[in-house]
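Reading the structure
Here's the letter readout for the chains.
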Amino acid sequence: MKPNNKFKNLDIAFWANVRAISETIGYTKRNNGTVLEYNITDIEKAVEKIKLKKSLYFNKTKPTELTTKILKYSNYRANILNTQVRTNLLNKDIAKKLFTTLKKKYNPNCPIPMNKQKGTKKTPAFFTAMINILIENAIKDHNVDYEPKELIKVFKNKILIHTLSRRVDGAYPSTRSPIAIWEIKEYYNTTTFGSRVADGIYETLLDGFELEVVLNSKKIKVFHYLFVDDYFTWWVKGKSYLCRIIDMLHMGKIDEAIFGKEILEAIPRITHKWIHYKK
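The structure displayed is predicted, hence computed values, not measured ones.

All right, on to the overall build of the protein then. Looking only at helices and strands, the protein has 9 helices and 8 strands in total. Against the 2.2 N^0.38 benchmark of 19 Å for 279 residues, the protein shows a C-alpha radius of gyration of 20 Å, consistent with a compact globule. In terms of its C-alpha atoms, the protein occupies a principal-axis envelope of roughly 65 × 50 × 30 Å. Per-residue burial for the protein yields a buried fraction of 49% across its 279 residues.

See below:
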């Protein structure tokens, strides 16, 4: 999923309002488990509860441009999650079948990592393995680092200008001045939405802030992707964090958020961009 151009390049104050108002109203409908769409009354109540300056949000009873924009974005976010992201997310059984199909079709040489579970839950990391297989098939004979063992380092004119604070899950063509990096968040065997899952969102956000500094100060672009899967973890337990991923996407901290089976369409497209990208 790429960002909607209508909601790109909005200032930090807009996103501060989106977060605060979303937190106050809530993210989901308790009766049917969908992401909540807001109305003017919801925003008015939130503004009063947070004790914001009401004249910035309402001109007497008429919503201001800021309020209208918040309402349009929030409802776009709800619609895209309810209708698109929800249907793309896989469960473990479906992911296993799709992995088996792709492995048989492409006979890959790329790494097929195992998950971090024990006993009967110890299986291939299906989503990560599928991503690797699809990238290998699309990239062909180009180099890819599927399992980076070091921090990302960005150079300009052979001079090191930035090192990311943490390791990522993949880099093209390598960790040294990559064209693209990616993070993978698959949680097929979890039974709760724990702090480890939430921390993964904030780590990706941190990477996005660092890459933004590199772009703004040195004019060097590194494409940044977030791959996400597991219906139970993200949809049943973590819809508020899906909202934050959509926010992060439109804040420009990732170039694309790719959910579940969306990898089948997205990876051939984004890898074509990598191969033909001119620094």
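Now that the structure has been shown, we can carry on.
This part takes up the side chain of Glu 210. For Glu 210, the location among the structural elements is in helix 6 (residues 195–218). Arg 166 provides the closest opposite charge to the buried, salt-bridge-free Glu 210, at an N-O distance of 7.6 Å. At a separation of 2.7 Å, a polar atom in the side chain of Glu 210 contacts the side chain of Ser 165. In contact with Glu 210, not counting residues within four places along its chain, are His 162, Thr 163, Leu 164 and Ser 165.

A few words on helix 6. Across its 24 residues, helix 6 extends 34 Å between first and last C-alpha, which sits within 8% of the 34 Å expected from 1.5 Å per residue. Every buried residue of helix 6 is accounted for by Val 197, Ala 198, Gly 200, Ile 201, Thr 204, Leu 205, Asp 207, Gly 208, Glu 210, Leu 211 and Val 214. Positive backbone phi, at 60 degrees, marks Lys 219, one or two positions downstream of helix 6.

Read from one edge to the other, the open sheet built from 4 strands follows the order 5-6-7-8, with strand pairing classed as mixed. Every other strand in the sheet has two partners, leaving strand 5 (170–172) and strand 8 (256–259) as the edge strands with one partner each. The sheet shows a mean angle of 20 degrees between the axes of neighbouring strands, taken without regard to direction. Here strand 7 (residues 223–229) runs beside strand 8; their pairing, made up of 4 bridges, is parallel. Among the inter-strand pairings, Phe 227 is bridged to a residue of strand 8, identified as Ile 258. Sheet strands in contact with helix 9 (residues 263–275) are strand 5, strand 6 (180–186), strand 7 and strand 8, and its direction is about 165 degrees off that of strand 7.

Evaluation of the coordinates by the stated rule reveals 13 salt bridges. Salt-bridge contacts for Arg 166 lead to Glu 183; the nearest nitrogen and oxygen are separated by 3.2 Å. Of this pair, Arg 166 sits in the loop between strand 4 (159–163) and strand 5 while Glu 183 sits in strand 6, and the two are 17 residues apart along the sequence. Of the two residues, Arg 166 and Glu 183, neither departs from the other in class, the shared state being buried. With a closest N to O distance of 3.8 Å, Glu 203 and Lys 185 form a salt bridge. A residue pair is termed long-range when its members are at least 10 positions apart, and Glu 203 in helix 6 and Lys 185 in strand 6 qualify at 18 residues. For Glu 203, a relative accessible area of 29% gives the class partly exposed.

The omega torsion across Tyr 172 and Pro 173 is -5 degrees, close enough to zero to call that bond cis. Here Pro 173 lies in the loop between strand 5 and strand 6. At Asp 230, a position not held by glycine, the phi torsion is positive, near 120 degrees. Considering the arrangement of structural elements, one finds Asp 230 in the loop between strand 7 and helix 7 (231–237).

Calculation rules
- Residues numbered from 1 in each chain as written.
- Predicted model: local features only at pLDDT ≥ 70, side-chain atom pairs only at ≥ 80, totals over all residues.
- Heavy atoms only, no water.
- Helix = DSSP H or I, 4+ residues; strand = E, 2+ residues; numbered from the N terminus.
- Rg over C-alpha atoms; globule rule 2.2 N^0.38 Å.
- Buried < 20%, exposed > 50% of the residue type's maximum accessible area, 1.4 Å probe, protein only.
- Lys, Arg positive; Asp, Glu negative; His and termini not counted.
- Salt bridge = Lys/Arg side-chain N within 4 Å of Asp/Glu carboxyl O.
- Polar contact = N/O pair within 3.5 Å; in protein donor to acceptor, adjacent residues only side chain to side chain.
- Contact = heavy atoms within 4.5 Å.
- Expected span 1.5 Å × (residues − 1).
- Pairing = 2+ DSSP bridges.
- Axes fitted to C-alpha atoms, helices over the stretch in contact; angles between N-to-C directions.

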